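Chains, contacts and geometry: an overview
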Amino acid sequence: MTTEKPHDTFPRQYARTNRFTTGAPRSFTVTPDGARVLFLRSRGVEAPANLLWSLDVATGAETVLADPAVLLGGGAEELSDAERARRERSRETSAGIVGYALDAAGRTAVLALSGRLFAVAVETGEARELPAATPLLDPRPSPDGGHVAYATPSGELRVTALDGSGDRLLAGPDGEGVSWGQAEFVAQEEMGRDRGYWWAPDGGALLAARVDDTPVRRWWIADPANPDRPPVEIAYPAAGTPNAEVGLWLLGLDGARTEIRWDHAAHPYLARVHWSAGGSPLIQVQARDQREQLVLEVDPSTGETTVLLTEQDEDWLELFAGVPVRRADGQLVRIADHDGARVLMVGEQAVTDAELHVRSVLGLDGEQVLFSASCGAAEFERRAPGWLGVFTHGPEGVRELGDGALGAVRGGGTTVLTTADPRRPGTTVTVLRDGAEPLVIASFADTPLLAARPVFRFAGERRIPCAVLLPTGYDPDVDGELPVLMDPYGGPHGQRVVQAHNPHLTSQWFADQGFAVIVADGRGTPGHSPAWEKSINRRTAEITVADQVDALHALAEEFPLDLGRVAIRGWSYGGYLAAAAVLREPDVFHAAVAGAPVTEHDLYDTHYTERYYGDPAVEPEAYEANSVVALAPSLRRPLMIVHGLADDNVVVAHSLRLSTALLAAGRPHTVLPLSGVTHMTPQEDVAENLLLLQVQFLKDALGIA
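Nonpolar side chains in soluble globular proteins generally cluster together in the buried interior. The biggest cluster of nonpolar side chains holds 71 residues, and the ones touching the most others in it are Ile518 and Leu639. Take this core: its biggest share by element is nine residues, from helix H9 (residues 573-584). When near neighbours in sequence (up to four residues on either side) are disregarded, leucine 639 contacts Val582, Ala592, Ala594, Leu658, Leu662, His669, Thr670 and Phe697. Counting residues in each nonpolar core, the second largest holds 33 residues, with Ala467, Phe515, Leu672 and Val695 among its members.

Right under this line is the structure:
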């Protein structure tokens, strides 16, 4: 499907379609019996609000379970400030229903819309609003389907009866800055934990986080374009400063309260909580330097904890999605770095080896463990750069489910598999069940106006995964060498070289403006090996810039690259990398666009920053060595700095400090402030024109007509 408008362009379409995600199915859940698949999908760009759908696996029939327009009576969606902040942390940019949760039997789905609470019967689609304190956040039904818990922006954790008979407070703030049932900033932003409470399997109690952010320093985000508006206060734990104090309590629906006890001083980070049926709760806690973490078993009757596992690493320990968890037989499932490989552990046994680099656990179905993996170091070049697959492990061993799979969910013997192919736009969602024909869940996403044509290579001696994109219709005999645009993210947890089409669309558009575009995933990026990721420890600027240089020079031996005209652009870590590259290697990089760059690491948050650079009071030399502000006097190439003034993740102070240092050194540069824009750029006009302004700046800087 393509929805074109008069005078449409790729930048405009890219912005209007929310990066071609509007209309694509997402957020899949399989009911425990495997008979239904629930998912979110809008009807397309002209109706962008997500609806909740149900697929009958036996017949393939799709049914709308919840439509925001119906639930809100045609009224406009309204978001609280707390909900906007939560979506910023999760990078959620869509509209309508953005999340839902099911009870254990899969009979009832609950969701929040405009801060109101709705319950939907999965079998019939009957929807009703439940009594609740509004606006609310993150509603989740009890496993037994009797109650719904939810949080509020005021810090309360509340419970309402699913039959509508009453709503009541379960825990409320007992001091200034205290909240219940919500994840703190660094848990959401850096740990991959967006939840703050977890139901007991029998529905009689909850484990709930109590967060006290009074120790956290306050920052203020102003809107200079609207001086009549007061600045927004945020609790931001910058590197080396106090974090929020996080505890965990067992709260019974009968009013009982039990504190869960562990050594908070040694392990202040609450990273994961898991409570499976038939077992005691598990929690994973982490030291502040992230070199040690524990898996603890909780005694719900006393709150005491027992150490099940201690993990240590001289660099740092990664946190992984979906683990630690217990399998149906009680075995502990986790991901660990073992003998130089990242492996899946079931109990004490490593069930994978160096042929696979395990990325995440996607779910459990009985004794089956569903997980994603890329090629490990032993087989790194057996597949194409950026390859990812989905596997299961069970009594029969490890079995591959999907080549090129991006993700999967499983339940009751039914698997929903999402795959991509670099030769085709979008993704394909397939529903698989033994003995039945596969079903495909349709996408209503727009077809891009251009086609990405990435060419994948392993570059140089280090075999750096790369994607190269040349202009559409390029003829080397006629057009000759091309100016180069390096287009990386290039840092931790950010893989850009993937076997998919849509992630390369923006790079292809830049290529079509007359560049050879190179996307290089150097050391520090995920998907290779633990040693590859951890080699950047205390040396991010040196290592990640060096790998961009090496990839460029290696690829120049095969592709028509004009090494006298090389630019680099990036956002977030990519913005930091772009600034570092043009400052550290001006003979290689002749222009740069640095979007939302981290320029001084002591301005960034604790959990991320201290992992790579340590405590700034103890290791100031690591911060100095990786600062781009310190390098400001060395600038001798055109540099554009772009930053959203409302960014509360990488605050605009980063760019202002760099600009101030450049000015003090007498170094000309360009600053593009984005009024009202956060770390994301969801506004259509901003997203469109940002691409156009970047390409014009780069052409001017490199002398391209």
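Time to look at helix H12 (residues 653-664). Its 12 residues give H12 an end-to-end C-alpha distance of 16 Å, which sits within 8% of 16 Å, the value for a rise of 1.5 Å per residue. Where H12 is buried, its residues contact strand S43 (639-644) and strand S44 (670-674). Count one or two residues on from H12 and you reach glycine 666, which has phi positive near 70°.

Another aspect to go through is empty space enclosed by the protein. One pass over the full model with this rule turns up three cavities of 30 Å³ or more. Here the largest cavity defines a volume of roughly 140 Å³. A per-class count over the lining of the largest cavity returns 10 nonpolar, six polar and two charged.

Attention now goes to the pairing of strand S38 (residues 464-469). Of all the six residues making up S38, six are buried; the element is thus mostly covered by neighbouring parts of the structure. Judged by which residues are buried, S38 turns out to be covered on both faces: Ile464, Cys466 and Val468 on one side and Pro465, Ala467 and Leu469 on the other are all buried. Where strand S37 (residues 455-459) meets S38, five bridges bridge the pair, whose relative direction is antiparallel. Across the sheet, residue arginine 457 finds its bridge partner in S38, namely cysteine 466. Two successive antiparallel strands, S37 and S38, enclose a turn made up of four residues, where glycine 460 displays a positive phi of approximately 75°.

Side chains that are three or four residues apart share a direction in an α-helix, a result of its 3.6 residues per turn. Within helix H6 (residues 505-512), seven of the eight residues are buried, which leaves it mostly tucked inside the rest of the structure. Restricting attention to buried positions, one finds in H6 the residues Leu505, Thr506, Ser507, Gln508, Trp509, Phe510 and Ala511. Summarising the contacts, the buried residues of H6 are in contact with helix H1 (10-16), S38, strand S39 (482-486), strand S40 (516-520), strand S41 (561-571) and helix H13 (684-702). Of the residues flanking the end of H6, it is glycine 514, one or two places downstream, whose phi is positive at about 115°.

This brings us to the pattern of salt bridges. Throughout the structure, instances matching the rule amount to 42 salt bridges. Measuring nitrogen to oxygen at the nearest pair gives 3.0 Å for the salt bridge that ties arginine 140 to aspartate 138. For aspartate 213, the salt bridge identified is with arginine 218, shortest N-O distance 3.0 Å. Accessibility expressed as a relative area gives 22% for aspartate 213, which makes it partly exposed. In the salt-bridge network here, residues are joined through shared partners; they are Asp313, Asp337, Arg342, Glu533 and Lys534.

Attention now moves to unusual backbone geometry. Following threonine 134, the chain continues into proline 135 via a peptide bond in cis, with omega recorded as -5°. By secondary structure assignment, the location of proline 135 is in the loop between strand S9 (127-129) and strand S10 (137-141). With omega at 0°, the peptide bond leading from valine 323 into proline 324 counts as cis. Residue placement: proline 324 occurs in the loop between strand S24 (305-312) and strand S25 (325-326). Positive phi, close to 65°, is recorded for arginine 538, a residue that is not glycine. Assignment of secondary structure puts arginine 538 in the loop between helix H7 (530-534) and helix H8 (540-555).

Reading across from one edge, S21-S22-S23-S24 is the order of the four strands in this open sheet, with antiparallel pairing throughout. Either end of the sheet is taken by a strand with one partner, and the two such strands are strand S21 (269-274) and S24. Between one strand and the next, the sheet's axes are offset by a mean angle of 20°, whatever the strand orientation.

It is worth spelling out the side chain of arginine 538 at this point. Judged by relative accessible area, arginine 538 falls into the buried class, the value being 17%. Here the side chain of arginine 538 touches asparagine 537 through a polar contact of 2.8 Å, side chain to side chain.

With that settled, consider the pairing of strand S1 (residues 26-30). Bridge analysis of S1 against strand S2 (residues 36-41) gives three bridges, and the strand direction is antiparallel. By the bridge assignment for S2, threonine 29 is matched with leucine 38. In textbook terms, the turn of a hairpin is the stretch between consecutive antiparallel strands, and for S1 and S2 this stretch comprises five residues, one of which, glycine 34, has a positive phi near 75°.

Turning next to the sheet that holds strand S36 (residues 439-441). Reading across the sheet, the four strands line up as S33-S34-S35-S36 and stay open at both edges, with antiparallel pairing between neighbours. A single partner strand is all that each edge strand has here, and the edge strands are strand S33 (405-411) and S36. Put simply, the sheet's adjacent strands are angled 25° from each other on average, direction ignored. Pairing geometry for strand S34 (residues 414-421) and strand S35 (residues 424-433), over eight bridges, is antiparallel. Its bridge partner lying in S35, threonine 415 is registered against leucine 432.

Here we take up the layout of surface pockets. Considering only enclosed or pocket space, the second largest pocket measures out at about 340 Å³ in volume. Lining of the second largest pocket is provided by 26 residues; of these, Glu311, Leu317, Ile335, Ala336 and Asp337 occupy positions nearest its centre. Breaking the lining of the second largest pocket down by element, the ones donating at least two residues are strand S23 (292-298), S24, strand S26 (332-338), strand S27 (341-346) and H7. The greatest single-element share of the lining of the second largest pocket, amounting to five residues, is contributed by S26. Taken together, the residues that form the lining of the second largest pocket break down as 12 nonpolar, six polar and eight charged.

At a closest axis distance of 11 Å, the pairing of H6 and H13 adopts a crossing angle of 40°. Judged on the interaxial angle alone, H13 and H6 are oblique. Crossing of H6 against H13: the hand is right-handed. Residue-level contacts link Thr506, Trp509 and Phe510 of H6 to Leu691, Leu692, Gln694, Val695 and Leu698 of H13. Taken together, the residues that form the contact of H6 with H13 break down as six nonpolar, two polar and no charged.

One way to put it is that H8 packs onto H9 with a least axis distance of 9 Å and a crossing angle of 80°. One element, H8, and the other, H9, form an angle in the roughly perpendicular class. Note on element contacts: H9 touches H8 through Tyr573, Tyr576, Leu577, Ala580, Ala581 and Arg584, opposite Thr540, Ala541, Glu542, Thr544, Val545 and Gln548. Taken together, the residues of the contact of H8 with H9 break down into seven nonpolar, three polar and two charged.

What follows deals with the environment of leucine 317. Considering the arrangement of structural elements, one finds leucine 317 in the loop between S24 and S25. As a C-alpha pair, leucine 317 and arginine 611 span 294 residues in sequence and 8.7 Å in three-dimensional space. If we ignore the near neighbours within four places in the chain, the residues touching leucine 317 are Gln286, Gln290, Arg291, Glu292, Gln293, Glu311 and Gln312.

Conventions adopted
- Residues numbered from 1 in each chain as written.
- Predicted model: local features only at pLDDT ≥ 70, side-chain atom pairs only at ≥ 80, totals over all residues.
- Heavy atoms only, no water.
- Core = buried A, V, L, I, M, F, W, Y, C linked by side-chain atoms within 4.5 Å.
- Buried < 20%, exposed > 50% of the residue type's maximum accessible area, 1.4 Å probe, protein only.
- Helix = DSSP H or I, 4+ residues; strand = E, 2+ residues; numbered from the N terminus.
- Contact = heavy atoms within 4.5 Å.
- Expected span 1.5 Å × (residues − 1).
- 1 Å grid on protein atoms, 1.4 Å probe; cavity = no way out; pocket = protein on both sides within 12 Å on 5 of 7 lines; lining within 4 Å.
- Points joined across faces, edges and corners; volume = space filled by probe spheres on them.
- Nonpolar A, V, L, I, M, F, W, Y, C, P; charged D, E, K, R; others polar.
- Pairing = 2+ DSSP bridges.
- Salt bridge = Lys/Arg side-chain N within 4 Å of Asp/Glu carboxyl O.
- Axes fitted to C-alpha atoms, helices over the stretch in contact; angles between N-to-C directions.
- Polar contact = N/O pair within 3.5 Å; in protein donor to acceptor, adjacent residues only side chain to side chain.
- Parallel < 35°, antiparallel > 145°, perpendicular 65-115°, else oblique.
- Left-handed = near helix turned anticlockwise from the far one by under 90°.

All quantities given are derived from atomic positions and should not be read as evidence of function.
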